[in-house]
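Listed below are the residues making up each chain.
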Amino acid sequence: MILFSKNKYDITFKSNPMKNHILVAGILLFLSSCRSTKSDIAFNQPQPEGIKNLIEIPSSYRGKYMDKDSNILLIDKTYMILKSVNNFEISKQEADTSKECHIENQYLVIVESKEKLPFTLKADTLYVRRYSNDTLYDLRKDIIRKFRSYLILNHKFRDQLNNDYNNLWEVEIASNKSGVIKIRKFSSENIFEKLAKLSNSEVVTDQSKQIIIKRFMKPTRNQFEAILDYKDSLSVDIYKKFK
């Protein structure tokens, strides 16, 4: 069983010998995740249309920020990086019998990636910690545009193998007020159906018309403004400046 704690980066793997391979596979999937697409909505092009790309992130956004889980967001002229700590637990029996990982001195070694993760052993449980740097936006390949008082963050939509997906874009909305950055994501329930009432959209199905191959938004600039007015209904990550 996989239990998620209040901290979104803490994962507990409860011991059950019958499910050992499933638990370890869950850990490997968790460790392999990087900058993945988090939005439930794709756009047909960077948003909003007709706005010039920024060559630098505005100085008012630059600095170090922290969220409620102590993850650190670093913003410089050309990138946004999220530094996070990922914690999980696994029983010593599971680590000892798994073919995917093993214990070496005070590290849990992931066989495929050869990654060594420090742990603390208490009773029969390994408490493992992993530090990660996740590049959220990089202006060498991503697009950021300023629109009204927001930064519109555009990132190529990628599949689970980190491949570009049908030349579609993930879009997020960033705001900065009094040292508090909010990054809103199009990831709430039924978000496509809701936004399709505000904007042009397209749904592509197979020949049977039963299976959706892809669906995406195609807003004009005015329609994107209407989507911006919907921002308070979106999921949001909040970071407070500390340096």
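Residues numbered from 1 in each chain as written. Predicted model: local features only at pLDDT ≥ 70, side-chain atom pairs only at ≥ 80, totals over all residues. Heavy atoms only, no water.

## Some thoughts on the overall build of the chain
Next up, step 1: The secondary structure content of the chain amounts to four helices and 16 strands.
Next up, step 2: Counting across all 243 residues of the chain, residues that qualify as buried make up 42%.
Next up, step 3: Across the chain, contacts joining residues at least 24 apart in sequence account for 59% of those joining residues at least 6 apart.
Next up, step 4: Just so you have it, the chain exposes about 13,900 Å², and 51% of that area is on carbon and sulfur atoms. (Helix = DSSP H or I, 4+ residues; strand = E, 2+ residues; numbered from the N terminus. Buried < 20%, exposed > 50% of the residue type's maximum accessible area, 1.4 Å probe, protein only. Contact = heavy atoms within 4.5 Å. Areas by Shrake-Rupley, 256 points an atom, 1.4 Å probe, with all protein chains shown as cover.)

## As for the environment of Val 236
Next up, step 1: With respect to the helices and strands, the residue Val 236 is situated in strand E16 (residues 235-241).
Next up, step 2: Val 236 sits in the partly exposed class, given a relative accessible area of 37%.
Next up, step 3: Excluding anything up to four places from it in sequence, Val 236 contacts Lys 182, Ile 183 and Arg 184.

## Comments concerning the pairing of strand E3 (residues 63-66)
Next up, step 1: Side chains Gly 63 and Tyr 65 of E3 all project onto a buried face; the interleaved residues Lys 64 and Met 66 project onto a face where none is buried.
Next up, step 2: Direction of pairing for E3 relative to strand E4 (residues 72-75): antiparallel, over a ladder of four bridges. Across the sheet, residue Lys 64 finds its bridge partner in E4, namely Leu 74.
Next up, step 3: Linking two consecutive strands that pair antiparallel, namely E3 and E4, is a turn of five residues; a positive phi of about 70° is found at Ser 70 within it.
Next up, step 4: Of the strand pairs in this sheet, E3 and E16 are connected by two bridges, and their pairing is antiparallel. (Pairing = 2+ DSSP bridges.)

## A short note on the nonpolar core
Next up, step 1: Formed by 18 residues in total, the largest nonpolar core has its most connected members in Ile 41, Phe 43, Ile 152, Phe 186, Leu 195 and Phe 224.
Next up, step 2: In contact with Phe 43, not counting residues within four places along its chain, are Leu 168, Trp 169, Val 171, Phe 186, Phe 216, Met 217, Pro 219, Phe 224 and Ile 227.
Next up, step 3: Ranked by size, the runner-up nonpolar core spans 17 residues in total, among them Ile 57, Tyr 65, Ile 75 and Leu 139. (Core = buried A, V, L, I, M, F, W, Y, C linked by side-chain atoms within 4.5 Å.)

## Description of the side chain of Asp 142
Next up, step 1: Locating Asp 142 in the fold gives a position in the loop between strand E9 (125-138) and strand E10 (143-147).
Next up, step 2: Only 2.8 Å separates the side chain of Asp 142 from the side chain of His 155, close enough to count as a polar contact.
Next up, step 3: The residues contacting Asp 142, other than those within four sequence positions of it, are Leu 136, Tyr 137, Asn 154, His 155 and Lys 156. (Polar contact = N/O pair within 3.5 Å; in protein donor to acceptor, adjacent residues only side chain to side chain.)

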